[in-house]
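In case you want the letters, here they are:
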Amino acid sequence: MKTVAQHLASVLSVVHALPPLELGLMDAHGCVLAEDVVASAPLPGFDNSAMDGYAVRVADLGTVPVVLPVVGDIAAGPASPLRVQPGLCVRIMTGAMMPAGADAVVPLEWTDGGVAQVRIDRRPDVGAYVRRAGEDVTAGTVVLATGVHLGAAQIGLAAAVGRARLVVRPQPRVVVVSTGSELVEPGEPLGPGQIQDSNSPALTAAAVEAGAIAYRVGIVPDDPRKLADTLEDQLVRADVLVTSGGVSVGAYDVVKEVLSRLGTVSFDKVAMQPGMPQGFGTIGPDRTPVFGLPGNPVSALVSFEMFVRPALRTMLGAVPIERPRVQAVTDVALDSPPGKRSFLRVALEVRDGAYRIRPVSGPGSHLLAGMSRANALAVVPEDVTRVEVGSPVEVLVLERRGR
Ligand code: AMP
Ligand code: MG
């Protein structure tokens, strides 16, 4: 038997970060930057008003209230030709360029809102409600460094510094196939002995949550020919293939047979629970990595967490490749089989300033509802068979993240 660490090491020795390419801004969302993005100009680009109000010279507002003539209006957009002369003021909108001569903005709320003249009830400090050029970013700064994972705020910043295209590592494309002649597409009626395919939806969602682009092919029956045809067809668009089922020792475990024929794939027993049988290798002309995950739904998902997710994150170029881990204290004694690393489905919470866990499911690898209640996996090492109440345990945090 291999250890979890050994199996992960063999996976990571095969997968590599995908080569960078230039993408349009929105296509780069979810990718990892492969260049430093430098601001060629400051942000804000010019001094502008933080409020709707009046641009004034603070020295003119000796004692308030004071009434000043309003000599013009400045909206966001055009550059202001106005200069505020002593004793005068200009009405100004949020984001509009500060006129020369003015040194503060009086918010509309501090005035009577006048158009020809305005009564000002409070005196701002010099510089109040003015956003200074460069106070967010100075010209020449690296605003987004190589390796940054591009989410909403990063895409916004790239746009704000004027970038329409970015050099990124693309998201890996993952093709997900469920194998099993007992499987039925979710929503279709079940015959006797049939079950809904829950693995391809779960694994596709898990791939998206890991940062990949995922294609759910769905069900292939336990027919070697059909499986081989499907996998060969999918190779054109797959950076990674993930199958579930058919990797144990049953009579109809066709994944083993087919993958062994299409490439260099080995099938190992990994000392873990759930998820003992694992297939991994490469197939096809491009030596596409393929994971043959076990069929039991919790085994499939836990295997994904331990092996596929780190591989996808490596291909994406994202760090860290693993889920966050914390030390927690267990509220309930935990049992674990000898010689295996077990991953127990637990609820993790912070109580009295410490991470606490309690199991939310039995260990059965078919207990998907239990898995759905877990927000973390407690990791009990190979040489530990019992964790007593109040003892520390390492916990993998399963935060959920959309695309
Ligand atoms: P296998 O590894 O193919 O022997 O499958 C192990 C167990 O997982 C069996 O009870 C299967 O019915 C179940 N199983 C396999 N594939 C799926 C799937 N896609 N969705 C739900 N259960 C599955
Ligand atoms: Mg099967």
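Criteria and thresholds
- Residues numbered from 1 in each chain as written.
- Chains lettered and ligands numbered in written order.
- Predicted model: local features only at pLDDT ≥ 70, side-chain atom pairs only at ≥ 80, totals over all residues.
- Heavy atoms only, no water.
- Helix = DSSP H or I, 4+ residues; strand = E, 2+ residues; numbered from the N terminus.
- Rg over C-alpha atoms; globule rule 2.2 N^0.38 Å.
- Buried < 20%, exposed > 50% of the residue type's maximum accessible area, 1.4 Å probe, protein only.
- Pairing = 2+ DSSP bridges.
- Axes fitted to C-alpha atoms, helices over the stretch in contact; angles between N-to-C directions.
- Phe/Tyr/Trp six-rings, centres within 6.5 Å; stacked < 30°, edge-to-face > 60°.
- Lys NZ or Arg CZ within 6 Å of the ring centre and 35° of its normal.
- Polar contact = N/O pair within 3.5 Å; in protein donor to acceptor, adjacent residues only side chain to side chain.
- Contact = heavy atoms within 4.5 Å.
- Core = buried A, V, L, I, M, F, W, Y, C linked by side-chain atoms within 4.5 Å.
- Domains from an automatic or database assignment.
- Near = heavy atom within 4 Å.
- Areas by Shrake-Rupley, 256 points an atom, 1.4 Å probe, with all protein chains shown as cover.
- Buried area = accessible area lost by both parts, 1.4 Å probe.

Structural notes on the overall build of the chain
Here comes step 1: Across its full length, the chain holds 7 helices and 28 strands.
Here comes step 2: What you see for the chain is a C-alpha radius of gyration of 30 Å, clearly larger than the 22 Å of a compact globule of 403 residues, by over 25%.
Here comes step 3: Principal axes of the C-alpha set define a box for the chain whose edges measure 95 × 50 × 45 Å.
Here comes step 4: In the chain, which comprises 403 residues, the proportion classed as buried is 46%.

Observations regarding the sheet that holds strand 9 (residues 117–120)
Here comes step 1: Sheet architecture is open: 5 strands sit in the order 8-5-7-6-9, paired in mixed fashion. Taken across any chain shown, the strands that pair with only one partner, and hence form the sheet edges, are strand 8 (104–107) and strand 9. Strand-to-strand, the axes of this sheet are offset by a mean angle of 45 degrees, without reference to chain direction.

Looking at the packing of aromatic side chains
Here comes step 1: Applying the stated criterion to the full structure yields 2 aromatic pairs.
Here comes step 2: Consider the rings of Trp 110 and Tyr 129, whose centres lie 5.8 Å apart with planes at 85 degrees: the pair is edge-to-face. In this pair, Trp 110 sits in the loop between strand 8 and strand 9 while Tyr 129 sits in the loop between strand 9 and strand 10 (130–131), placing the two residues 19 residues apart along the sequence.
Here comes step 3: On the basis of relative accessible area, Trp 110 is assigned to the buried category, the value being 14%.
Here comes step 4: Residue classification places Tyr 129 among the partly exposed residues on the basis of a relative accessible area of 32%.
Here comes step 5: Against the face of Trp 110 rests Arg 122, its NZ or CZ located 4.0 Å from the ring centre.

Comments concerning the side chain of Asp 197
Here comes step 1: Of note, Asp 197 is situated in the loop between strand 15 (195–196) and helix 3 (199–209).
Here comes step 2: A relative accessible area of 2% places Asp 197 in the buried class.
Here comes step 3: A distance of 3.1 Å separates the side chain of Asp 197 from the backbone nitrogen of Asn 199, its partner in a polar contact.
Here comes step 4: Only 2.5 Å separates the side chain of Asp 197 from the side chain of Ser 200, close enough to count as a polar contact.
Here comes step 5: Apart from residues no more than four positions distant in its own chain, Asp 197 is found in contact with Ser 178, Leu 183, Val 184, Pro 186, Arg 216, Gly 218 and Ile 219.

Notes on the nonpolar core
Here comes step 1: Judged by nonpolar contacts, the single largest core of 38 residues is most densely connected at Phe 291, Phe 304, Phe 307 and Leu 312.
Here comes step 2: Among the elements that line this core, the one with the most residues is helix 6 (residues 297–316), at 11 residues.
Here comes step 3: Here this core gathers at least three residues from each of two domains, domain 1 (4–18 + 171–316) and domain 4 (325–397).
Here comes step 4: Those residues in contact with Phe 291 that sit more than four places away from it in its chain are Val 11, Val 240, Leu 241, Val 242, Thr 243, Gly 279, Phe 280, Phe 307, Val 308 and Ala 311.
Here comes step 5: By size, the runner-up hydrophobic cluster in this structure holds 18 residues, among which are Ala 228, Leu 235, Leu 241 and Val 258.

Considerations on the site of ligand 1
Here comes step 1: The environment of ligand 1 is formed by 17 residues, the closest being Glu 182, Asp 197, Ser 198, Gly 246 and Gly 295.
Here comes step 2: In this structure, a nitrogen atom belonging to ligand 1 sits 3.1 Å away from a main-chain N or O atom of Ser 198.
Here comes step 3: The contact in question runs from a nitrogen atom of ligand 1 to an N or O atom on the backbone of Asn 199, over 3.3 Å.
Here comes step 4: Bound to the protein, ligand 1 loses 77% of the 480 Å² it would expose on its own.
Here comes step 5: For the shell around ligand 1, the elements supplying multiple residues, two or more each, are strand 13 (173–179) and strand 15.

Brief notes about the domain arrangement of the chain
Here comes step 1: Structurally, the chain comprises domain 1 (4–18 + 171–316), domain 2 (21–43 + 135–169), domain 3 (48–131) and domain 4 (325–397).
Here comes step 2: Every contact between the two is made by 14 residues of domain 1 and, on the other side, 18 residues of domain 4.
Here comes step 3: Around 1,300 Å² of area is buried between domain 1 and domain 4 when both sides are counted, 71% of it from carbon and sulfur atoms.
Here comes step 4: Taken as a group, Gln 273, Val 298 and Met 306 account for 40% of the area that domain 1 buries against domain 4, more than any other trio of residues on that side.

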